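Descriptive structure summary
Here is how the chains run, residue by residue.
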Amino acid sequence: GTGVSPYAINSRDNRRVSTNDGYLEPARERANLTIIGEALVEGLVFEGNRNRASGVTVRIDGQQQTFRAEKETILAAGAIHSPAILQRSGIGPGALLQDLGIPVLADRPVGRHLLDHPIVAINLRLKPTARATTLTHRHTNCCIRYHSGLEGSQQNDMIMIAGNLRAHEHGDYDLGRIGVAVYDSHSEGVVAITSPDAGIDPDVEERMLSDERDFARLRDGVSRLRALGHHSALADISHDITYGYSGVSIAEELSDEAMDRWIMAECADAQHAIGTCRMGPTDDPRSVVDTDCRVIGAEDLRVIDASIMPENVRANTHLTTVMIAELMADRLRSN
């Protein structure tokens, strides 16, 4: 229907990518769709002096194949592998590509501006009555968004996430967690390939908490977590509560320095990576795609995934990504 290449290809790595039955299954039998699993996208194919994207090269069962697009090529490999594919194809920071011997087609800040939501947690060694009883109850049970009230913060800049996670490897108990995350984060990281070889994953340097605004709010969030951990309701359902995986009881008052060291040691991302193919005006040097998701410096090439988000969303990224996909599907269908 849209005139785009009718292939859905696993473009992330050699691991199997499960499909989302709710979205893919109704379209699986369509004549204009071919699904290829266990495939690794090596790069984009360009032709002419206008950097026109005419398709992709893909490694399947160790053999390289080329798939041509009738009209446009759409890249939707996520905030880590979309920039990696662009960089391998010659669209990215000029100095990086030159160092790797990759001809520069367009010098754009691909892979920069990586954003995620930093999170730390307290761990609860749960009593039998508080343990998860089915696999469907073993992740997030409850989330509460709140405003930190710190200077420069926005509404719902923070979230607390509670959940029953897993059985401990060396004991008869389940591990529960209550995490606190900065959802209006500012620390920017980088995704950069280290080789033209698609089989080598890119370096991902998140640089979480490098912006002091994020660190300040996470410190404040941990103080709230600790207060929550002293509540009698949590004592009733747990044998003990610790600062994450440190083994240190939250009953112990940590110094500011010790608290900062623990936060730095255990801070993780919420798997909400965005921003590495940032959307913006074509004359903005920070932009990778324009407001129609078209890659600046190329033709007939779009990126449509979470990597285009120019700023962090104060929420989980899934619904925003679905909205991007559905909006662009409507625009492409109308072309």
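Note that this is a predicted model, so its numbers are computed, not measured. (Residues numbered from 1 in each chain as written. Predicted model: local features only at pLDDT ≥ 70, side-chain atom pairs only at ≥ 80, totals over all residues. Heavy atoms only, no water.)

1. Topic: helix H4 (residues 212-229)
- Under the 1.5 Å per step criterion, the end-to-end length of H4 is 25 Å for 18 residues, consistent within 8% with the ideal 26 Å.
- All buried positions along H4 are accounted for by Asp-214, Phe-215, Arg-217, Leu-218, Asp-220, Gly-221, Val-222, Leu-225, Arg-226 and Gly-229. (Helix = DSSP H or I, 4+ residues; strand = E, 2+ residues; numbered from the N terminus. Expected span 1.5 Å × (residues − 1). Buried < 20%, exposed > 50% of the residue type's maximum accessible area, 1.4 Å probe, protein only.)

2. A short note on the side chain of Arg-302
- Considering the arrangement of structural elements, one finds Arg-302 in strand E17 (residues 301-303).
- Classification of Arg-302 by relative accessible area gives buried; the value is 7%.
- Polar contacts involving the side chain of Arg-302 include one to the side chain of Glu-72, which spans 2.7 Å.
- Excluding anything up to four places from it in sequence, Arg-302 contacts Glu-72, Thr-73, Ile-74, Leu-75, Asp-292, Cys-293, Arg-294, Val-295, Met-328, Leu-332 and Asn-335. (Polar contact = N/O pair within 3.5 Å; in protein donor to acceptor, adjacent residues only side chain to side chain. Contact = heavy atoms within 4.5 Å.)

3. As for the sheet that holds strand E3 (residues 39-47)
- As summarised here, the arrangement of the 3 strands in space is E3-E4-E5, forming an open sheet in which the pairing is antiparallel. Edge strands, defined here as strands with exactly one partner in the open sheet, are E3 and strand E5 (63-68). For this sheet, the mean angle separating the axes of adjacent strands, direction not counted, is 30°.
- Pairing of strand E4 (residues 52-60) with E5, which is carried by 6 bridges, proceeds in the antiparallel orientation. Looking across to E5, one finds that Val-56 is bridged to Phe-67. (Pairing = 2+ DSSP bridges. Axes fitted to C-alpha atoms, helices over the stretch in contact; angles between N-to-C directions.)

4. Some thoughts on unusual backbone geometry
- For Leu-209, which is not a glycine, the phi torsion comes out positive at approximately 70°.
- Residue placement: Leu-209 occurs in the loop between strand E14 (203-205) and H4.
- The phi dihedral of Asp-300 falls on the positive side, at around 60°, and the residue is not glycine.
- Here Asp-300 is to be found in the loop between strand E16 (268-269) and E17.
- Classification of Asp-300 as partly exposed rests on a relative accessible area of 27%.

5. Describing the side chain of Arg-278
- Within the secondary structure layout, Arg-278 lies in the loop between E16 and E17.
- The residues touching Arg-278, leaving out its near neighbours within four places in the chain, are His-113, Arg-286, Ser-287, Val-288, Val-289, Ser-307, Ile-308, Pro-310 and Glu-311.

6. Some words on the confidence of the model for the protein
- Looking at the protein, pLDDT values average 88 and 90% of them are 70 or higher.
- When mean pLDDT is compared element by element in the protein, strand E13 (residues 190-192) scores highest at 98, while strand E1 (residues 7-9) scores lowest at 51.
- Across residues 1-6, where pLDDT falls below 50, the model places 15 contacts with residues more than four positions away in sequence or in other chains.
- Long-range and interchain partners of residues 10-21, a stretch whose pLDDT sits below 50, account for 28 contacts in this model, where long-range means more than four residues apart. (pLDDT = per-residue confidence, 0-100.)

7. Remarks on the nonpolar core
- Among the nonpolar cores identified, the biggest contains 34 residues, and Val-58, Leu-86, Ile-91, Val-295, Leu-301 and Val-303 are the most heavily contacted of them.
- Secondary structure elements with two or more residues in this core: E3, E4, helix H2 (78-88), E17 and helix H7 (318-334).
- For this core, the element with the highest residue contribution is E4, accounting for 4 residues.
- Contacts of Val-303, omitting those with residues within four sequence positions, involve Leu-75, Ser-82, Leu-86, Cys-277, Val-289, Cys-293, Val-295 and Ile-308.
- Counting residues in hydrophobic clusters, the runner-up holds 27 residues, among them Leu-124, Tyr-146, Ile-263 and Cys-267. (Core = buried A, V, L, I, M, F, W, Y, C linked by side-chain atoms within 4.5 Å.)

8. With respect to the environment of Ser-82
- Along the chain, Ser-82 turns up in helix H2.
- According to the relative accessible area criterion, Ser-82 is buried, its value standing at 0%.
- When the C-alpha atoms of Ser-82 and Ile-308 are compared, they prove to be 9.8 Å apart, with 226 residues separating the residues in sequence.
- Those residues in contact with Ser-82, other than ones at most four positions away along the chain, are Leu-75, Ala-76, Ala-77, Cys-277, Val-303, Asp-305 and Ser-307.

9. Regarding the packing of H4 against helix H6 (residues 256-266)
- Packing of H4 against H6 brings their axes to within 11 Å, and their N-to-C directions diverge by 105°. By the angle between their directions, the pair H4 and H6 is classed as roughly perpendicular. Across the interface between the two elements, Phe-215, Leu-218, Arg-219 and Val-222 from H4 touch Met-259, Asp-260, Trp-262, Ile-263 and Met-264 from H6. (Parallel < 35°, antiparallel > 145°, perpendicular 65-115°, else oblique.)

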